[in-house]
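# Per-entry structural report
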Amino acid sequence: MHDTLLIALYAFAGAATTGLLGAGVLRLIRRRSLTASLTVVAAVAVLAMLAGTLAVAWAMFLSPHDLSVVTTVVAMAAVVSLATALLLGRWVVARSRELTAAARTFGDDGGYAAPAGPATAELDALSRELAATGDRLRRSRERERALETSRRELVAWISHDLRTPLAGLRAMSEALEDGVAADPDRYLKQIRTEVERLDDMVGDLFELSRIHAGTLPLTPARISLYDLVGDALAGADPLAREHGVRLVGDAVAAVPVEVDGREMSRVLGNLLVNAIRRTPADGTVAVAAEPSPAGVVLSVTDGCGGIPEEDLPRVFDTGWRGSHARTPPAGAGLGLAIVRGIVEAHRGQATVRNIPGGCRFEVTLPLADA
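Residues numbered from 1 in each chain as written. Predicted model: local features only at pLDDT ≥ 70, side-chain atom pairs only at ≥ 80, totals over all residues. Heavy atoms only, no water.

## Topic: the overall build of the protein chain
Of regular secondary structure, the protein chain possesses 8 helices and 7 strands. Burial status across the protein chain gives 34% buried among its 370 residues. For the protein chain, the proportion of contacts with a sequence separation of at least 24, taken over those separated by at least 6, is 71%. On the protein chain, roughly 21800 Å² of surface is accessible, and the fraction owed to carbon and sulfur atoms is 60%. (Helix = DSSP H or I, 4+ residues; strand = E, 2+ residues; numbered from the N terminus. Buried < 20%, exposed > 50% of the residue type's maximum accessible area, 1.4 Å probe, protein only. Contact = heavy atoms within 4.5 Å. Areas by Shrake-Rupley, 256 points an atom, 1.4 Å probe, with all protein chains shown as cover.)

## With respect to the packing of aromatic side chains
The tally for this structure, following the rule as stated, stands at 1 aromatic pair. Taken together, a centroid distance of 6.0 Å and an interplanar angle of 85 degrees make the contact between F316 and F361 edge-to-face. Separated by 45 residues along the polypeptide, F316 in the loop between β5 (295-301) and α8 (335-345) and F361 in strand β7 (residues 358-365) bring together distant segments of the chain. Of the two residues, F316 and F361, both sit in the buried class. (Phe/Tyr/Trp six-rings, centres within 6.5 Å; stacked < 30°, edge-to-face > 60°.)

## Topic: helix α7 (residues 261-278)
Side chains of residues three or four places apart in an α-helix project in the same direction, reflecting 3.6 residues per turn. Look at α7: 26 Å from first C-alpha to last across 18 residues, which is about the 26 Å you get at 1.5 Å a residue. Where α7 starts, the residue carrying a side-chain oxygen 3.1 Å from the main-chain nitrogen of R262 turns out to be D260. (Expected span 1.5 Å × (residues − 1). Polar contact = N/O pair within 3.5 Å; in protein donor to acceptor, adjacent residues only side chain to side chain.)

## Structural notes on the pairing of strand β3 (residues 256-259)
Of the two faces of β3, only the one carrying V257 and V259 is buried; P256 and E258 on the other face are not. As paired elements, strand β1 (residues 221-224) and β3 share 4 bridges and run antiparallel to each other. Counterpart to R222 in the pairing with β3 is E258. (Pairing = 2+ DSSP bridges.)

## Here's the deal with helix α5 (residues 184-213)
In a regular helix each residue adds 1.5 Å, so 30 residues correspond to 44 Å; α5 covers 43 Å between its end C-alpha atoms and thus fits that length. Within the span of α5, buried status applies to I191, E194, L198, M201, E207, L208, R210 and I211. A positive phi of about 70 degrees marks G214, the residue just after α5.

## Some points on the state of the cysteines
Considering all chains together, one arrives at 0 disulfides under this definition. There is no disulfide at C304, and the cysteine sulfur nearest it, in C359, is 3.4 Å away. Given the relative accessible area of 25%, C304 is considered partly exposed. (Disulfide = S-S within 2.5 Å.)

## What about the sheet that holds strand β4 (residues 284-292)?
Read from one edge of the open sheet, 5 strands run β2-β4-β5-β7-β6, paired in mixed fashion. Edge strands, defined here as strands with exactly one partner in the open sheet, are β2 (246-252) and β6 (349-355). Here the strands of the sheet are splayed against their neighbours by 20 degrees on average, with no regard to which way each runs. Of the strand pairs in this sheet, β2 and β4 are connected by 5 bridges, and their pairing is parallel. By the bridge assignment for β4, V252 is matched with A289. Most of the contacts of α7 go to β7, to which it runs at about 175 degrees, and overall it touches β2, β4, β5 and β7. (Axes fitted to C-alpha atoms, helices over the stretch in contact; angles between N-to-C directions.)

## Considering the pairing of β7
Summarising burial for β7: 8 of the 8 residues are buried, a large majority. Relative to β7, β5 is paired through 6 bridges, and the arrangement is antiparallel. Each residue of the ladder has a partner; that of T301, found in β7, is R360. As defined by bridge partners, β6 adjoins β7 across 7 bridges and the pair is classed as antiparallel. Counted as the bridge partner of Q349 is T364 from β7. Two successive antiparallel strands, β6 and β7, enclose a turn made up of 2 residues, where G357 displays a positive phi of approximately 90 degrees.

## A short note on the pattern of salt bridges
This structure, assessed with the given rule, holds 7 salt bridges. Residue R210 pairs with E207 through a salt bridge whose shortest N-O separation is 2.9 Å. One end of the pair, R210, and the other, E207, are both in helix α5, 3 residues apart, so they sit about a helical turn from each other. Given the relative accessible area of 18%, R210 is considered buried. By relative accessible area, which is 2% here, E207 ends up buried. A salt bridge links E263 to R262, with the shortest nitrogen-to-oxygen separation between them at 3.2 Å. When its relative accessible area of 61% is taken as the criterion, R262 is described as exposed. (Salt bridge = Lys/Arg side-chain N within 4 Å of Asp/Glu carboxyl O.)

Below you can see the structure in the form of structure tokens.
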């Protein structure tokens with residue numbers, strides 16, 4: 001038993017010395033190829049066995065014949081181990097280089113072409129992560145292009161909508177200044193109307209900038225949808241009468257929601273104004289609210305005749321107004337973008353879909369906690 005412990009001690013001492021030297025070598029070549037590291041690891045395993053054997057032989061536990069046999073066996077094992085390490089290292093390095101080349105395929109479209117050959121589990125996981133990253137990059141670039149397009153359209157619409165009232169204001173002010181206005185009171189009333197329009201436009205731009213910056217202040221409170229819709233219908237009634245449109249709000253459930261009353265009133269107001277302006281005379285705009293598995297669905301249905309299917313995904317984009325809405329009364333195309341921003345700030349969702357004879361805007365909001 002005593003001899004066995006000594007043999008184990010000498011073998012461990014020889015192997016540990018070799019392992020420490022191997023660790024030092026690995027540290028020195030840590031920036032080199034993986035093939036070199038695998039070769040060192042294989043060499044350390046074989047040399048550790050040889051060092052332990054020599055330490056035991058030095059302590060006179062092995063005969064010269066036995067030492068010769070063991071040394072020969074270790075030498076053959078070393079040759080096979082080193083050859084295997086070199087082959088494995090070259091294969092892993094080749095797969096790594098293929099992955100590096102595939103990573104260079106990240107282009108402007110965010111695409112990524114994964115290597116076709118087999119790889120280790122770690123390299124395969126890395127390849128899947130690169131593919132997922134490429135997909136996220138592609139979607140991000142698509143959103144960036146869409147936002148850039150919206151910004152360009154917004155600048156074009158705002159420039160158009162500002163030029164018209166400003167030109168009118170200049171003409172009316174010059175007429176009043178020169179004393180050639182036949183009806184000064186009418187001119188003053190029109191000037192006030194145009195100034196209010198410009199003020200509303202600036203207010204919409206300011207609201208939209210706060211939404212995009214994520215700084216929209218919200219003061220949530222428990223409110224009944226019935227009261228919220230009732231106030232919105234009362235506010236939109238004069239515009240509906242002017243356009244000859246009927247407002248219907250009978251299908252509104254008294255469901256409590258936790259929202260900012262002021263901002264949500266703006267959402268309803270924008271949806272109602274948009275619906276009234278695009279519904280022909282003698283048409284109907286209906287408001288409904290009902291519970292759903294996702295929360296509560298608040299809808300505004302109009303009689304606009306529908307929106308082209310290719311335009312539906314862009315309805316809530318900044319600056320979008322549709323091909324038929326090119327006159328100043330249609331607004332600057334900010335109302336629906338503000339609707340989506342406010343709803344999403346409330347952790348809700350705004351959608352639109354066509355129905356027979358018109359379209360239906362739906363706002364899904366989470367229910368208030370009981």
